[in-house]
Amino acid sequence: RAGLEAMGAECFPAGDADEARPQPGFFDLARVDYHLDQGDGLSLQDRLSTRVERFVIVTADSSEVVARRAADSGVELVRKPIPPDVLYELLAAR
């Protein structure tokens, strides 16, 4: 979060879709961890898709299963750790 805010992004952290839903407005980017306490980040895509332009899944999981699920869902996948230049590219593309 600090890295995103240092680059000028306004962040609204949420632990799940129920926490994210009350945030007002439309969002340029949702950066969502793949592994969540309940389910996975891809399950949030459908619940938030009407309010988010770009949906990016972030994970340290290097398995082909995760990559395939992200591709099948049509979302971008970024591997952790995320280098600052990749964060910048995500924000610059908005």
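That block above? That's the structure.
The present account deals with the structure reproduced in this document. All figures in this text were calculated on a predicted structure; none of them were measured in a lab.

## Considering the environment of Gly3
Within the secondary structure, Gly3 is located in helix α1 (residues 2–6). Placed 60 residues apart in sequence, Gly3 and Ser63 show a C-alpha to C-alpha distance of 26 Å.

## As for the packing of aromatic side chains
Any pair of aromatic rings gets described here by the distance separating the centres and the angle formed by the planes. Taken as a whole and judged by the stated rule, the model has 1 aromatic pair. A ring pair is formed by Phe12 and Phe27, whose centres lie 5.5 Å apart and whose planes are at 70°; its orientation type is edge-to-face. Of the two residues, Phe12 sits in the loop between α1 and α2 (17–20) while Phe27 sits in strand β1 (residues 27–33), which places them 15 residues apart along the sequence. Among the residues examined, Phe12 registers a relative accessible area of 37% and is labelled partly exposed. On the accessibility criterion, Phe27 (17% relative accessible area) is buried.

How each quantity is defined
- Residues numbered from 1 in each chain as written.
- Predicted model: local features only at pLDDT ≥ 70, side-chain atom pairs only at ≥ 80, totals over all residues.
- Heavy atoms only, no water.
- Helix = DSSP H or I, 4+ residues; strand = E, 2+ residues; numbered from the N terminus.
- Phe/Tyr/Trp six-rings, centres within 6.5 Å; stacked < 30°, edge-to-face > 60°.
- Buried < 20%, exposed > 50% of the residue type's maximum accessible area, 1.4 Å probe, protein only.

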